[in-house]
Amino acid sequence: MTKAAVRFDAVSTLIHGSTIVINSIIERKESVLPGEEPELVELPPVRLPSPDELAPAAEATPAIERLRRFVAWVGEGSGKGRKLTQKGRLTLADGKALVELLGTGDRTDPVIGDTAFKTRSSAELPGVAITFAWARAAGLVRVVHGRVVPVKRNQALLDRPLDLWSRALEGLRQLGPDILGDAMLGSFLAEDLDSLVPAVLLAMYGGDEPVQLRTLADIAWNDVRGTYDLAGQPSPVTSTWRWMVASELDRVLQHLELLGAVERVPAGSRPEPDLDLDLDVQLPIAPRYPLGGDAMLETGFRLTVLGTWGANRVFRDLGIDAPVIGDLAAADAATLLERCAEYSETDCQAEFEGWCQARGGEAAAAELVALLSVTDDLGTRMLGFQALGAAGTAGVDAARSLMDNPDLRPYATMWLVDRGHEKQEAVAPDMAARMLVETCALVAATDGPVAAAQLLTDLGPPEEQAAIVGSFWRVESPHVGPALDALASSHPHKLVAKAARKAAFKLRSTGRS
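Here the residue index of a chain counts from 1 through its sequence in written order. The predicted nature of this model means local features are confined to residues of pLDDT at least 70 and side-chain atom pairs, given and counted, to a pLDDT of 80 or more, with totals for whole chains, interfaces and linings taken over all residues. The basis for the side-chain values is all heavy atoms of the structure; hydrogens and waters are excluded.

Visitor: Hey, could you run me through the sheet that holds strand β7 (residues 262-265) in this one?
Guide: By way of backbone hydrogen bonds, the strands of a sheet pair with one another, either parallel or antiparallel. One bridge is not enough; two strands pair if DSSP finds at least two bridges between them. To qualify as a helix, a DSSP run of H or I must reach at least 4 residues; to qualify as a strand, a run of E must reach at least 2; elements of each kind are numbered from the N terminus. Strand order in this open sheet of 3 strands is β6-β8-β7, and the pairing throughout is antiparallel. Two strands in the sheet have a free side with no partner beyond their single neighbour: β6 (211-212) and β7. In this structure, β7 lies alongside strand β8 (residues 300-303), joined through 4 bridges in antiparallel fashion. Bridging across to β8, V262 finds its partner in L303. Across the sheet, helix α9 (residues 193-204) is in contact with β6, β7 and β8; its angle to β8 comes to roughly 90°. Throughout, a contact is declared for two residues whenever any of their heavy atoms are within 4.5 Å. To get an axis, a line is fitted to the C-alpha atoms, and for a helix only the part in contact is used. The angle between two axes follows their N-to-C directions and goes from 0 to 180 degrees. Those strands touched by helix α11 (residues 235-258) are β7 and β8, and its axis lies near 120° from that of β7.

Visitor: I'm lost on the nonpolar core in this one. Help?
Guide: Among the nonpolar cores identified, the biggest contains 81 residues, and F70, L249 and F315 are the most heavily contacted of them. Per element, the largest residue contribution to this core is 8 residues, and it comes from α11. Excluding its chain neighbours within four sequence positions, the residues that come into contact with F315 are L43, P198, L201, L202, Y205, I320 and A322. Definition used in this section: a nonpolar core is a set of buried Ala, Val, Leu, Ile, Met, Phe, Trp, Tyr and Cys residues joined via side-chain atoms within 4.5 Å. Residue exposure (1.4 Å probe, protein chains only): buried if accessible area is under 20% of the type maximum, exposed if over 50%, otherwise partly exposed.

Visitor: Honestly, the packing of aromatic side chains in this entry has me stumped. Any pointers?
Guide: Two numbers describe a pair of aromatic rings. These are the distance of the centres and the angle of the planes. Side-chain rings of Phe, Tyr and Trp (the six-membered ring for Trp) are treated as a pair once their centres are within 6.5 Å; stacked means planes under 30 degrees apart, edge-to-face means over 60, and tilted covers the remaining angles. By the definition in use, this model includes 7 aromatic pairs. A ring pair is formed by F188 and W221, whose centres lie 6.3 Å apart and whose planes are at 85°; its orientation type is edge-to-face. Of this pair, F188 sits in the loop between α8 (176-180) and α9 while W221 sits in helix α10 (residues 213-227), placing them 33 residues apart in sequence. For W221, a relative accessible area of 1% corresponds to the buried category. Each ring, one from F188 and one from W241, has its centre 5.5 Å from the other, and the planes form 70°; the classification is edge-to-face. In this pair, F188 is assigned in the loop between α8 and α9 and W241 in helix α11, connecting sequence segments 53 residues apart. Pairwise contacts between aromatic rings join F70, W73 and F132 into one cluster. We count a charge as sitting over a ring when the NZ of a lysine or the CZ of an arginine lies within 6 Å of the ring centre and within 35 degrees of the ring normal. The ring of W73 has R82 lying over it, and the distance from NZ or CZ to the ring centre is 4.1 Å.

Visitor: Could you clarify how one ought to interpret a positive patch on the surface in this entry?
Guide: Put simply, a patch holds well-exposed residues, over 30% relative accessible area, that have no salt bridge, with like charges counted together within 9 Å and Val, Leu, Ile, Met, Phe, Trp or Tyr side chains within 5 Å. Surface accessibility in these figures is a Shrake-Rupley result with a 1.4 Å probe; residues are shielded only by whichever protein chains are displayed. Basic side-chain nitrogens of Lys or Arg form a salt bridge, by our definition, when they fall within 4 Å of a carboxyl oxygen of Asp or Glu. By the counting scheme adopted, Arg and Lys are positive, Glu and Asp are negative, and His together with the chain ends is not counted. Note on charges: their place is set at NZ of Lys, CZ of Arg, CG of Asp or CD of Glu. A surface patch of like charges, here positive, comprises R474, K498, R501, K502 and K506. The topology assignment puts R501 in helix α24 (residues 494-509).

Visitor: Would you explain helix α16 (residues 361-372) in this entry?
Guide: One turn of an α-helix holds 3.6 residues; hence residues three or four places apart share an orientation. The span you would expect from a helix comes to 1.5 Å times its residue count less one. Under the 1.5 Å per step criterion, the end-to-end length of α16 is 16 Å for 12 residues, consistent within 8% with the ideal 16 Å. Along α16, the residues classified as buried are A364, A365, L368, V369, L371 and L372. Taken down its axis, α16 places every buried residue within 160° of arc, on the same side. Next to the buried residues of α16 lie α14 (333-340), α15 (345-359), α17 (378-388) and α18 (393-401). It is the directions from the helix axis to the C-beta atoms whose arc is reported.

Visitor: In this structure, what is going on with the sheet that holds strand β1 (residues 82-83)? I would like to understand it.
Guide: Ordered by their spatial adjacency, 3 strands build an open sheet running β1-β5-β4, and the pairing between neighbours is antiparallel. Whereas interior strands pair on both sides, the edge strands pair on one side only; in this sheet they are β1 and β4 (141-144). Relative to strand β5 (residues 147-150), β1 runs antiparallel, the two being bridged by 2 bridges. Paired with R82 across the strands is V148, a residue of β5. Contacts from helix α4 (residues 62-75) reach β1, β4 and β5 within the one sheet, and its direction differs from that of β5 by about 110°. Relative to β4, helix α6 (residues 126-137) is tilted by about 95°, and along the sheet it contacts β4 and β5.

Visitor: Even after reading the chapter, I still don't get the packing of α14 against α16, so can you show me in this structure?
Guide: Contact pair α14 / α16: the axes reach a minimum separation of 9 Å and the direction vectors enclose 80°. One element, α14, and the other, α16, form an angle in the roughly perpendicular class. Facing α14, whose interface residues are A333, A334 and L337, α16 presents E367, L368 and L371. Residue composition of the contact of α14 with α16, by class: 5 nonpolar, no polar and 1 charged. By definition in this entry, angles of less than 35 degrees are roughly parallel, angles greater than 145 are roughly antiparallel, angles of 65 to 115 are roughly perpendicular, and the rest are oblique. All amino acids are sorted into three groups, where Ala, Val, Leu, Ile, Met, Phe, Trp, Tyr, Cys and Pro are nonpolar, Asp, Glu, Lys and Arg are charged, and the leftover types, Gly among them, are polar.

Visitor: So what exactly am I meant to see when it comes to the side chain of S477 here?
Guide: With respect to the element layout, S477 can be found in the loop between α22 (462-470) and α23 (480-490). A relative accessible area of 8% means that S477 is categorised as buried. With sequence-adjacent residues up to four places away left out, S477 is seen in contact with R434, E438 and R512.

Visitor: It is not clear to me how the pattern of salt bridges should be interpreted in this structure. Could you clarify?
Guide: Where charged atoms of side chains with opposite charge meet at close range, the side chains can pair. Counting across every chain of the model gives 18 salt bridges. With a closest N to O distance of 2.5 Å, R316 and D327 form a salt bridge. Remark: D327 occurs in the loop between α13 (305-317) and α14 and R316 occurs in helix α13; sequence separation between them is 11 residues. Relative accessible area serves as the criterion here: at 41%, D327 is assigned to the partly exposed category. The partner of E422 in a salt bridge is R400, and the shortest N-O contact between them spans 2.7 Å. Remark: R400 occurs in helix α18 and E422 occurs in the loop between α19 (409-418) and α20 (429-447); sequence separation between them is 22 residues. Among the residues examined, E422 registers a relative accessible area of 28% and is labelled partly exposed. Put simply, R381, D407, R434 and E438 are held in one network by salt bridges that share partners.

Rendered as structure tokens:
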């Protein structure tokens, strides 16, 4: 047995574990920062509980409890709702009563130092005022002839907590002036909450690690820079404005917390990578500043399961492709493999399992076999065999049936060896050689020639790699040429690159290039 043949036997050990093959064609897409066109955003698939499982969580959120209590209180108003002031606000007496009923924590007639400040309007009770505005934005109450009354057609929402929660999230995006309109110096974000909330949700979407307020504020500031002409403003002024944006954003996040969409993580969590948002100046650290300083900026936020569900609905309504594991259960095999090529290996496997379960192992295996028998796309082949693994015993039988196909025999043999259904000796050197060639060609096409060259580093020192590459031209595969071209152009060791060039020349001399 030649040296190359011995090494190919070692290659079979390296390749039969599907990680190398599958990872070469499956990768998680990086999150896309807000500010880009929605149609360009690509999001990773997420796992979501069923609506029945989410409903209790929605029902338990403080915001939903407040909205229900408020609507019930409005409906108790002698059958005609509750009277409002000439400015359309709740009366002061009603506002004070609602502080306790709703548990808003608003202070009435506060004393600051030695000075008492008498509360003169329900507008000075922000928790109550925002709940009123929120109920209106969610379509639960309306104003008629100076009175606030329940919206009859939407009262059924009160008994459907998840639908009510979704309506509340939608309504929150309309509350910019109510949450931020009391700013003494004006607000940068009050009129843009409808677009800001999706942007903030997007920044936290699909990850387990908390995102610091500093990062979220930078995203909001980037949006401000695109909306307002800030050119020529002195640095101290823009720094102050950025602090204002961070403070306003924190108030918005507080209401997402009330809704149970996000959870706050105290400062001191793991530092985050620089997202390179191309900001004009770095946000200064100023602990002396009344907005909270470094500790405030380092506070982290992440989506809850409920928040992920809500964000997914928001993104889909905006036309953004926001896949959910299980979406492809009814898809055909070709669509399944095409979409899963963009997933992480874990998400891909979960989708395969759901797809096979939806149609049964035998039907799933038969559909995959039909596709594998006609495709010449390497990525589809490798993912197709990966999907067979989710079909159970029917998948094993299907793989054995493909052993008669000369193009698929190496894949089927590797698959069976990988799962313990065949011994390692079943992988002949020519099979391992073909799998290595086609894996190199696939990696070169998907990740570039440098990645293909890197694939060979586990095969031994350069001399042994050169011996293996030098015999590639003998492999019966239409993908030999692309694999050799990639290695000839990008392998870091001259000996291996030269062997690839010589093998490519021999391949062309046979007329198979």
